[in-house]
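# Commentary on secondary and tertiary structure
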Amino acid sequence: LRALSASLLFTQCGAVSQDIMYLTLPLYHISASLLGISGCIELGATCVLKKKFSASQFWNDCRKYDVTMFLYIGELCRYLCNQPSKEEDRVHKVRIALGNGIRPAVWKEFLMRFGPIKIFEFYGSTEGNLVFLNYTNKIGAVGRAGIFSKFLHSFELLKYDVWKQEIMVDENGRFCISFVWPSGKPGLLVVQVTQDTPFSGYAGNNEASEKKLLRNVFVKGDVYFNTGDLLVMDEGGFLYFTDRVGDTFRWKGENVATVEVAEIISMMDFVQEVNVYGVSITNYEGRTGMAAIVLKPDQPFDGERLYKHVVDFLPSYAQPRFVRI
């Protein structure tokens, strides 16, 4: 049932049998196998299967095979944006891109450079019991919580103490506290486990399966699946991925989202990749920011420009104190 549901995702994005999909992801990845291969079979569409992703050959292949849609994960779109600009960047037939993990800054740059491609960002996991799809192409969002989605899937954003790494409870220490939407603050996404939204668990590992479940959350006897992800909802009901639990750290009494800091640093033209995390310092409470940077080939590190950039775009508590090349 999960496989059949996944194979319909491209159909929901407006794909038809005449489309040609370019698939560069490894086939052991659920996106490639179920969304991609199964999606093509379900549509009756053509699949151009690339043995290995190549940023330099990507658009040449799209032009060669008249590609109209492709799958992405993580930093694939950033790798494409990092390639040298060419006059023919917009010369292609691609109209749909489906995947997850594209960051807002990359999303904007990608559209400006390669044209009005409809990007369908989705949120989900192999073991999860909920999927969001950003069908409106709103930049940065992973989906939208409308009336029907709330009716079909009972999910909540719980108040989460990042420093203690635990869900906050009410004054009686019994029930979890849910944000009143929209709060503008990140909350831990949990999804109620029901007959319609079951949690199948991890094969042969009941202990690990039980750790993902929260019991007696709002009323006695209820069960929720803990996604381990922090999301934010805006006034329009759009949901935005903030961070994984554990990827956020606390400094000077403030919570720092590593993804947000990484997005700002990655705007620098000499940065190819960046990973941000918190490090402990003797005699200081909490953790301060460390940015591990991979420089673009033949590009020197410019510390003064980076310093000015993070000061301009980030609050003082979120500015990394250390940079590792």
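Residues numbered from 1 in each chain as written. Predicted model: local features only at pLDDT ≥ 70, side-chain atom pairs only at ≥ 80, totals over all residues. Heavy atoms only, no water.

### Regarding helix H3 (residues 30–43)
Considered for burial, the residues of H3 that qualify are Ser31, Ala32, Leu34, Leu35, Gly36, Gly39, Cys40 and Leu43. Looking one or two places after H3, you find glycine 44, whose phi comes out positive at around 80°. (Buried < 20%, exposed > 50% of the residue type's maximum accessible area, 1.4 Å probe, protein only. Helix = DSSP H or I, 4+ residues; strand = E, 2+ residues; numbered from the N terminus.)

### Concerning the pairing of strand E2 (residues 46–49)
Relative to E2, strand E1 (residues 20–23) runs parallel, the two sharing 4 bridges. Residue pairing for E2: tyrosine 22 is matched across the bridge by valine 48. Once the chain exits E1 it traverses H3 before rejoining the sheet at E2, and the crossover so formed is right-handed. (Pairing = 2+ DSSP bridges. Right-handed = clockwise from strand over helix to strand, strands pointing away.)

### Digging into the nonpolar core
Of all hydrophobic cores here, the largest spans 44 residues; its most connected members are Phe10, Trp59, Phe70, Leu98 and Phe110. Looking at which element gives the most residues to this core, the answer is H3, with 5 residues. Counting 18 residues, the second-largest nonpolar core is a separate cluster that includes Ile264, Met268, Val274 and Val310. (Core = buried A, V, L, I, M, F, W, Y, C linked by side-chain atoms within 4.5 Å.)

### Some details on helix H10 (residues 303–313)
Of the positions making up H10, those classed as buried are Leu306, His309 and Val310. Viewed along the axis of H10, the buried residues span an arc of 90°, placing them on a single side of the element. Opposite the buried face of H10, by more than 90 degrees, sit the exposed residues Glu304, Tyr307 and Lys308. Turning to H10, the residues buried within the fold contact helix H9 (258–265), strand E18 (288–295) and strand E19 (322–324). Here H10 starts with a cap whose side-chain oxygen sits 3.4 Å from the backbone nitrogen of glutamate 304, and that cap is aspartate 302. (Arc of directions from axis to C-beta. Contact = heavy atoms within 4.5 Å. Polar contact = N/O pair within 3.5 Å; in protein donor to acceptor, adjacent residues only side chain to side chain.)

### A short note on the UniProt feature "domain: AMP-dependent synthetase/ligase" (unreviewed entry) in the protein
Per the UniProt record, "domain: AMP-dependent synthetase/ligase" (unreviewed entry) is annotated on residues 11–143. Between the end C-alpha atoms of residues 11–143 the distance is 16 Å, and the span holds 30% helix and 20% strand. (UniProt positions renumbered as here; feature names shortened; annotations may be inferred.)

### Quick look at the domain arrangement of the protein
What the domain assignment lists for the protein is domain 1 (1–124), domain 2 (143–243) and domain 3 (247–323). A C-alpha centroid distance of 30 Å is found between domain 1 and domain 2. (Domains from an automatic or database assignment.)

### As for the sheet that holds E18
With mixed pairing, 3 strands are arranged side by side in an open sheet as E17-E18-E19. Where the open sheet ends on each side, the last strands, each with one partner, are strand E17 (271–279) and E19. For this sheet the average axis-to-axis angle between neighbouring strands, irrespective of direction, equals 25°. Bridge count for E17 against E18 is 8 bridges, and the pairing is antiparallel. Paired with tyrosine 277 across the strands is methionine 290, a residue of E18. (Axes fitted to C-alpha atoms, helices over the stretch in contact; angles between N-to-C directions.)

### Focus: the side chain of aspartate 89
Looking at the secondary structure, you find aspartate 89 in the loop between helix H5 (76–81) and strand E4 (96–100). When its relative accessible area of 9% is taken as the criterion, aspartate 89 is described as buried. At 2.9 Å, the side chain of aspartate 89 and the side chain of arginine 113 are in polar contact. Residues contacting aspartate 89, with those up to four places away along its chain left out, are Arg113 and Phe114.

### What to know about the packing of aromatic side chains
To describe a pair of aromatic rings, one takes the distance between the centres and the angle between the planes. Evaluated as defined, the whole model comprises 16 aromatic pairs. Centre to centre, the rings of phenylalanine 58 and tryptophan 59 are 5.1 Å apart; their planes meet at 80°, and the pair counts as edge-to-face. The exposure classification of phenylalanine 58 matches that of tryptophan 59, with both residues buried. Ring pairs connect the aromatic residues Tyr22, Phe53, Phe58, Trp59, Phe70, Tyr79, Phe110 and Phe114, which therefore count as one cluster. Seen from the ring of phenylalanine 238, lysine 138 lies directly overhead, with NZ or CZ sitting 5.2 Å from the centre. (Phe/Tyr/Trp six-rings, centres within 6.5 Å; stacked < 30°, edge-to-face > 60°. Lys NZ or Arg CZ within 6 Å of the ring centre and 35° of its normal.)

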